[in-house]
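The chain contents come next:
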Amino acid sequence: MNGTNDNTAQIGKFFNWFAWIAALGLLYWFFNDALEAQFNPNQQVETYQQGSDAVVVLQQNRAGHYVANGYINNEPVTFLLDTGATQVAIPGRLARRLNLQQGTPIRVQTANGIATAYQTEVNTLQLGEIQLTGVAASVVPDYDSEHILLGMSALRALEFNQRDGQLTIRQRKNTSYP
């Protein structure tokens, strides 16, 4: 009789631990999604056509940045818009996943100082309805990030209007990419 109580107690402890682990897993899953939504409020990019123009509307994140999901060469990526960056800057790890070739080495100024980057070209870059082709970019092997800096080599082809934490980007279809 005593052995049965021991087995029942062990099973009870197992289910108690299992319940706690499951509860912690669910809490992690819930709060991880909430934190991701605060960092990237544009996981589903608001986009539409207005006449022949493509328009994207982005919401500012809590840090005051514009982060949005998009595509490079039809592969999903996360962009951080950076008008201070001369080119689109792609972390080395992401460049390998995107099968981007490293071309001529160049020296670039980063937030952490001077670094070596490699010239490359993005065949297609898409943010909502906005699509650019043949965009100059640089692969930065030491840039340890999960997002791509969307710099002026792409942004110069677009028009911007910022108001009240919202950025409206317009691609005029009757003009060509510079």
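Scroll up to find the structure.
Calculation rules
- Residues numbered from 1 in each chain as written.
- Predicted model: local features only at pLDDT ≥ 70, side-chain atom pairs only at ≥ 80, totals over all residues.
- Heavy atoms only, no water.
- Patch = residues over 30% accessible without salt bridge, like charges linked within 9 Å, V, L, I, M, F, W, Y side chains within 5 Å.
- Areas by Shrake-Rupley, 256 points an atom, 1.4 Å probe, with all protein chains shown as cover.
- Salt bridge = Lys/Arg side-chain N within 4 Å of Asp/Glu carboxyl O.
- Helix = DSSP H or I, 4+ residues; strand = E, 2+ residues; numbered from the N terminus.
- Polar contact = N/O pair within 3.5 Å; in protein donor to acceptor, adjacent residues only side chain to side chain.
- Core = buried A, V, L, I, M, F, W, Y, C linked by side-chain atoms within 4.5 Å.
- Buried < 20%, exposed > 50% of the residue type's maximum accessible area, 1.4 Å probe, protein only.
- Pairing = 2+ DSSP bridges.

**Student:** For a nonpolar patch on the surface, give the residues involved together with the corresponding values.
**Tutor:** Together, I11, F14, F15 and F18 line one region of the surface with nonpolar side chains, adding up to about 460 Å² of accessible area. Residue position: F15 is located in helix α1 (residues 2–39).

**Student:** Break down the side chain of N42 for me, with residues and values.
**Tutor:** Looking at the secondary structure, you find N42 in the loop between α1 and β1 (46–50). Among the polar contacts listed, one links the side chain of N42 to the backbone oxygen of V67, at a separation of 2.7 Å.

**Student:** How would you explain the nonpolar core if you had to name every residue and give the values?
**Tutor:** When a protein is soluble and globular, its nonpolar side chains tend to lie buried together. Judged by nonpolar contacts, the single largest core of 32 residues is most densely connected at L58, I90 and L125. Ranked by residue count, the leading element in this core is strand β8 (residues 130–140), at five residues. In terms of nonpolar packing, the next biggest core, distinct from the first, is built from nine residues, L80, A115, A117 and Y143 among them.

**Student:** I'd like to hear about the pairing of strand β6 (residues 105–110), residue by residue, with values.
**Tutor:** Bridge analysis of β6 against strand β7 (residues 113–127) gives six bridges, and the strand direction is antiparallel. Bridge pairing in β7 links I106 to A117. Between β6 and β7, which follow one another and run antiparallel, lie two residues.

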